Structure formats: C-alpha cells, structure tokens
Amino acid sequence: MADKRDYYEVLGVDKNVNDDDLKKAYRKAAKKYHPDLHPGDAQAEKNFKEVNEAYEILSDKEKRARYDQFGHAGVDPNFGAGQGGNPFGGGFGGGFGDFGDLGDILGSMFGGGFGGGRRRDPNAPRRGADTSTNIVISFEEAAKGCKKNIKVTRTESCSECSGSGAAKGTTAKTCPNCKGSGQVVMGQRTPFGTIQTQQVCDNCRGTGKIIETPCKACSGRGRVRNTVEKTIEIPAGIDDGQGITLRGGGDMGVNGGPAGDLTITVSVRPHPIFEREGYDIFCEVPITYAQAVLGGEITVPTLDGKAKFNIHEGTQPGDEFKLRGKGIKRLNYSGYGDEYVKIIVEVPKDLNKEQKEKLNAFDSSLNDKNYKKRKSFFDKVKDLFGD
C-alpha cells in the first residue's frame, strides 16, 4: 500500500470533485493510457490499471468515504484479514475477530449491558461477509454483453478439517469454564455490594469450544482464504461504474450460516471513436470539402460494423444525423438507443498552384445565393453598423 499513489492524484482531481467531473476526469485519463492506443507499452498499461482502480474506489460513495478516512488501508480487502475492506477487520455487524460484534467487545470491557442484552449463541449460524471486486471490459463488451472469467479471493471452509478447526482424528471439546455458552459470570465488589456481570470466556475466547489439537492447514480457525475462478455473465447494456451481485459468492458463513454476496463493479474502457450517454452513442465522421458540397454516400462506423449513409448536398460542418436503433441495448429491457453522427468537414491543406487556381476560379463563380448563412450574417452586420 505504501507504493500506491493517491487516487485523487491519479485522476487529477481534488477531494471535493463531484460525480460528473470525476467521470470526465476518468474518461480523459483512461483514454490517454488506453492499451489500444499504446500497444506493447507496459507503463501505459500499468497507468491504465491504476486509473481504473482509482475510479472504481472514488465512484463508489461507501468506498470513497472509507478511503477519505483511512486511505488505501480502508479499501484494501487484504487489510484486516480481508473483512470487506474495513481497516478494523470487519463491520460492526460481525467482523471484530473472534468477538463477533461491537457489543461483545464492550461487554468484555465493561461487564455486559451493551448490544441489547445477552451475547448471541457462539454456535448459532452466522452469515458470511460480503466481498467485492472490479472487472475491466471493452466498450463493445458492455454494449453487447459477454462472459468473463474472474479470480476472487474469499473465505472458505478448510478442506483439511472440514471446517471444524481440529486436526484429523480429533474433535473440539466443550469449554469446561463456560460449559459451551462462550460467557462466564463474574462477581465484582463495589461500594454498593457485589455485582455480577457476564463476560466473554477467556478460556475459549467466546467460542464455547476448546481445540486441543488445531488443524495445521487453518491454524484451528476452520476457515481459509482461497482464490477461486468464476465465470460471470455481463449483461448487454451495462454502463461504467455499475455492478453485478452474485448471491452467495462472498465469504462462507459460520456454523452453517449462508455465504455473503459478491459485488463486481464494472469499469468500461473508453472507445477510440464512440462516446456514450445513456443508451445513445455519439461519434464524429470527417468528410471532404467536395463531399460536403456535392453530397453522396459516406461510410459510418456502428457497433455492428460499417454502414453506408447518404448525405445531402451542402452539408454543413457540425450537421448531425441519427441512425435509429444503432445505439446500446437497454439493460434488462428490449430495444436499443440511437447513434448520433456529427459531420466534420475537413478543409484541404498544402494545395499546389494548380489546385489553388482552380479553387479561386470556382470561388469566383459563386455568389450570395450559394452562401445563405454568410449572406444572412453580413445583412445583420450591415443593419447594426451600416455599410
């Protein structure tokens, strides 16, 4: 974590940046280091991954809040034993090591009374922690949908001891101090008499069990962290920053409880031609001066390949036309957005003498009726300032 750059610095924004400006900064940076624009450039690829990682954290309000408070430690799933990125080893609902929750910790310190009463049964089923990861896909994959293989690190039952925590051939025993309850009653003398309080059992650390011969593979915890590969379905139409939730794809539960969920945040690489707004896509197509004047058939890129389109005579720079249904598929719905094509008229450069003479002759043959906007403009100038 010490070698990582500040995420705000990576995207070139300050800590007060809003969502819109953050997304603009991400698109600009991602396009700058896009692997397609820098084939074989290892540094550009590294920068591109860094940009995507920064945006994945800062575009998520919860992760951004943790990052602002704790830095990289607040969002590193490997910090604090991988408890969902919390730098203290898990959420208050079930991650403070062997204590279980905040009420248990306070109860052990102050003699109970916190967390709403008795400590929960240490052998009761508990749901596993939710986990998260990020995946980067291409613009076309987001538009069309795809399948992707991802690697996820999650907590699973130890295969060596089948989750018991005890070495093969041995079993855990009921704690003799607390009789398996995980808590003991302590008497404390005060000026007002002896007060009895419940505390976490020190002998079994609140588990209610004693493992005399711990499993070597998991050190008696009954759980290990494994990296598993999963194939996920990316739905057509998903946008940058959106997520997919796999129920039960997170950390395994405790004592037979259900597994947590896995959330996959999708980052979409910028496209060298298209820009996306909602389900519509936009692109600019350059045409020659002659094509703009005379009209004719031009080639237009679409997500389905090249398409032919006829532009009219006298097409102006900035004119825009729409290709209906050539945009992005609507996520989880039928129908598609549209494609908007903006015309860019490229003015010829580096003309030779003959070309200049022909162009001057052509220009001399024109009059005001050939330039409607120009004539209208200078009529307004004349009305304002006179001849």
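Check the entry above for the structure.
All values derive from a computational prediction rather than experimental measurement.

Asks: Got a sec to walk through the state of the cysteines? Specific residues and values, please.
Replies: Counting across every chain of the model gives zero disulfides. For Cys201, which is in no disulfide, the shortest distance to another cysteine sulfur is to Cys175 and amounts to 3.8 Å. No disulfide involves Cys218; its sulfur sits 3.7 Å from that of Cys161, the nearest cysteine. Given a relative accessible area of 1%, Cys218 falls into the buried group.

Asks: Got a sec to walk through helix α8 (residues 353-364)? Specific residues and values, please.
Replies: In this model α8 runs 16 Å from its N-terminal to its C-terminal C-alpha over twelve residues, within 8% of the 16 Å that 1.5 Å per residue would give. The N-terminus of α8 is capped by Asn352, whose side-chain oxygen sits 3.2 Å from the backbone nitrogen of Glu354.

Asks: Can you explain the environment of Val300? Please cite residues and give values.
Replies: Among the secondary structure elements, Val300 is positioned in strand β12 (residues 296-302). Distance in space between the C-alpha atoms of Val300 and Val341 is 8.1 Å, their sequence separation being 41 residues. Discounting chain neighbours no more than four positions away, the residues touching Val300 are Gly305, Lys306, Ala307, Phe309, Phe321, Leu323, Glu339 and Val341.

Asks: Describe in detail helix α4 (residues 61-70), supporting the description with residues and values.
Replies: Those residues of α4 that fall on the buried side of the exposure criterion are Lys63, Arg64, Arg66 and Tyr67. Considered in projection along α4, the buried side chains sweep an arc of 160° and stay on one side of the axis. Turned more than 90 degrees off the buried face of α4, the exposed positions are Lys61, Glu62 and Gln69. The inward-facing, buried residues of α4 contact α1 (7-11), α2 (19-32), α3 (42-58), β1 (131-137) and β9 (262-268). The opening residue of α4, the one whose side-chain oxygen lies 3.0 Å from the backbone nitrogen of Glu62, is Asp60.

Asks: Lay out the environment of Glu62 with the relevant residues and their values.
Replies: Mapping Glu62 onto the fold places it in helix α4. Between the C-alpha atom of Glu62 and that of Val75, which follows or precedes it by 13 residues, the distance is 9.7 Å.

Asks: I'd like a rundown of the nonpolar core, residues and numbers included.
Replies: Membership of the largest hydrophobic core comes to 32 residues, with the highest contact counts inside it found for Ile137, Ile234, Val266, Ile287, Ile298 and Phe321. If sequence neighbours within four positions are ignored, Ile137 has contacts with Ala142, Lys148, Ile234, Ile238, Val266, Ser267, Val268 and Arg269. Ranked by size, the runner-up nonpolar core spans 19 residues in total, among them Val13, Tyr26, Val51 and Tyr55.

Asks: Describe the sheet that holds β9, and please don't skip the residues or the numbers.
Replies: Where strands meet in a sheet, backbone hydrogen bonds hold them as pairs that are either parallel or antiparallel. One open sheet accounts for three strands, arranged β1-β9-β8; its pairing is mixed. Every other strand in the sheet has two partners, leaving β1 and β8 (243-246) as the edge strands with one partner each. Going from strand to strand, the sheet's axes swing by 25° on average, the running direction of each strand aside. The sheet contact formed by β1 and β9 spans seven bridges and is parallel. Its bridge partner lying in β9, Thr131 is registered against Leu262.

Asks: Account for a negative patch on the surface, naming residues and giving values.
Replies: Together, Asp14, Asp19, Asp20 and Asp21 line one region of the surface with negative charge. By the secondary structure assignment, Asp21 is in helix α2.

Asks: Tell me about the sheet that holds strand β10 (residues 275-277), residues and numbers included.
Replies: On the basis of which strands lie adjacent, the open sheet formed by four strands has the order β10-β11-β15-β14 and mixed pairing. Two strands bound the open sheet, and with one partner strand each, they are β10 and β14 (320-323). For this sheet, the mean angle separating the axes of adjacent strands, direction not counted, is 30°.

Asks: I'd love a proper account of the environment of Asp60, names of residues and values included.
Replies: Along the chain, the position of Asp60 falls in the loop between α3 and α4. Take Asp60: its relative accessible area is 27%, and that puts it in the partly exposed class. In this structure, the C-alpha to C-alpha distance between Asp60 and Asp19, residues 41 residues apart in sequence, is 9.7 Å. Only 3.0 Å separates the side chain of Asp60 from the backbone nitrogen of Glu62, close enough to count as a polar contact.

Asks: Residue-level account of the pattern of salt bridges, with values.
Replies: Scanning all chains against the criterion turns up 19 salt bridges. Arg276 serves as the salt-bridge partner of Asp239, at 3.8 Å between the closest nitrogen and oxygen. Of this pair, Asp239 sits in the loop between β7 (223-234) and β8 while Arg276 sits in strand β10, placing them 37 residues apart in sequence. Of the two residues, Asp239 and Arg276, both sit in the buried class. Residue Glu354 pairs with Lys358 through a salt bridge whose shortest N-O separation is 3.2 Å. Separated by four residues within a single helix, Glu354 and Lys358 lie in helix α8, roughly one turn from each other. A network of salt bridges, in which partner residues are shared, links Arg127, Asp130, Arg247 and Asp261.

Conventions and cut-offs
Residues numbered from 1 in each chain as written. Predicted model: local features only at pLDDT ≥ 70, side-chain atom pairs only at ≥ 80, totals over all residues. Heavy atoms only, no water. Disulfide = S-S within 2.5 Å. Buried < 20%, exposed > 50% of the residue type's maximum accessible area, 1.4 Å probe, protein only. Helix = DSSP H or I, 4+ residues; strand = E, 2+ residues; numbered from the N terminus. Expected span 1.5 Å × (residues − 1). Polar contact = N/O pair within 3.5 Å; in protein donor to acceptor, adjacent residues only side chain to side chain. Contact = heavy atoms within 4.5 Å. Arc of directions from axis to C-beta. Core = buried A, V, L, I, M, F, W, Y, C linked by side-chain atoms within 4.5 Å. Pairing = 2+ DSSP bridges. Axes fitted to C-alpha atoms, helices over the stretch in contact; angles between N-to-C directions. Patch = residues over 30% accessible without salt bridge, like charges linked within 9 Å, V, L, I, M, F, W, Y side chains within 5 Å. Areas by Shrake-Rupley, 256 points an atom, 1.4 Å probe, with all protein chains shown as cover. Salt bridge = Lys/Arg side-chain N within 4 Å of Asp/Glu carboxyl O. Lys, Arg positive; Asp, Glu negative; His and termini not counted. Charge placed at Lys NZ, Arg CZ, Asp CG, Glu CD.

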